[in-house]
Amino acid sequence: MNETATAQPFAKLILSAQAGSQRAVNDLLLHITPFVRRLCSSVDAGHRPEAVQDSLFAVYRGLRTLREPAAFYGWVRAVTVREAARTARRAGQAAMAELVDQPSPADPLLRVAIADALERLPSHQRDILTVRAVYGLDEREAARVLSLPVGTVRSRVHRARRNFQDAWR
């Protein structure tokens, strides 16, 4: 079975959900919940369920605004990163302070070294490095998620990379 054949029923599920089918919405939310949980793993454990719930609710509320079903996962990722950052800020946590999925658990020394270098950075620099390097958002997406002007994102990325390199040494 090729990718187009498997993607077609999923696109139909998205379109059904957008048309108001509650069953399709439920199936869609159940399908993306593990993905959303993984994206919210950087939020403090005590507030992680709230971040997941807020993210799923934001996806539910905004589903009708999605224009292209093929962009669904990228859109869910952007919505989830934004909601996770909001939840972390409301909880008083430095948003997205840890790297998710980086580095591999097989190299615990590297994980500790990266965490140590990140810990030395101000929270706004950790945030910008996380959304750019870990979540792979471009400057415009990062600006939208963090509610910042694109120019501010550019300057923070530049300073954060420089400070990370200094902390790494």
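Residues numbered from 1 in each chain as written. Predicted model: local features only at pLDDT ≥ 70, side-chain atom pairs only at ≥ 80, totals over all residues. Heavy atoms only, no water.

## What about the overall build of the protein?
The line we're drawing: A helix here means a DSSP run of H or I that spans at least four residues, while a strand means a run of E at least two residues long, and both kinds are numbered starting from the N terminus. The buried label applies to any residue whose accessible area, calculated with a 1.4 Å probe on protein chains only, is under 20% of its type's maximum; exposed applies above 50%, and partly exposed to all values in between. A contact between two residues is defined here by any heavy atoms of the two lying within 4.5 Å. Computed with the Shrake-Rupley method and a 1.4 Å probe, the accessible areas treat only the protein chains shown as cover for residues.
Counting its regular elements, the protein contains 8 helices and 0 strands. Each helix and strand of the protein, placed in order from N terminus to C terminus, yields the pattern α-α-α-α-α-α-α-α. Across the 169 residues that make up the protein, the buried fraction comes to 38%. The contacts of the protein with a sequence gap of at least 6 include a subset with a gap of at least 24, amounting to 64%. Total accessible area computed for the protein in this model is approximately 9,700 Å², and 52% of it derives from carbon and sulfur atoms.

## A few points about the confidence of the model for the protein
Filter applied, for reference: On a scale of 0 to 100, pLDDT captures the predictor's confidence in every residue.
A residue-level look at the protein finds 81% of positions with pLDDT of 70 or above and a mean pLDDT of 78. Mean pLDDT values for the elements of the protein range from 70 in helix H1 (residues 3-18) up to 91 in helix H3 (residues 48-62). Here residues 1-7 is modelled with pLDDT under 50, and outside its nearest four sequence neighbours on either side it reaches 1 contact, counting other chains as well. Across residues 94-104, confidence stays below pLDDT 50; counting only partners more than four residues off in sequence or on other chains, it has 35 contacts.

## A few points about H3
An α-helical turn contains 3.6 residues, so any two residues separated by three or four positions project in the same direction. The line we're drawing: Expected span, for any helix, means 1.5 Å times one less than how many residues it has. The directions considered for the arc run from the helix axis to the C-beta atoms.
When the terminal C-alpha atoms of H3 are compared, their 21 Å separation across 15 residues agrees well with the 21 Å that a helix rising 1.5 Å per residue should span. For H3, the set of buried residues is Ala51, Val52, Ser55, Leu56, Ala58, Val59 and Gly62. Seen along its axis, H3 keeps its buried residues to an arc of 160°; they face one direction. Exposed residues on H3 whose side chains face more than 90 degrees from its buried face are Pro49, Gln53 and Arg61. Contacts from the buried residues of H3 go to helix H2 (22-39) and helix H4 (72-90).

## Points about the side chain of glutamine 125
Topologically, glutamine 125 is positioned in helix H6 (residues 123-134). For glutamine 125, the contacting residues outside a window of four places in its chain are Arg159, Ala160 and Asn163.

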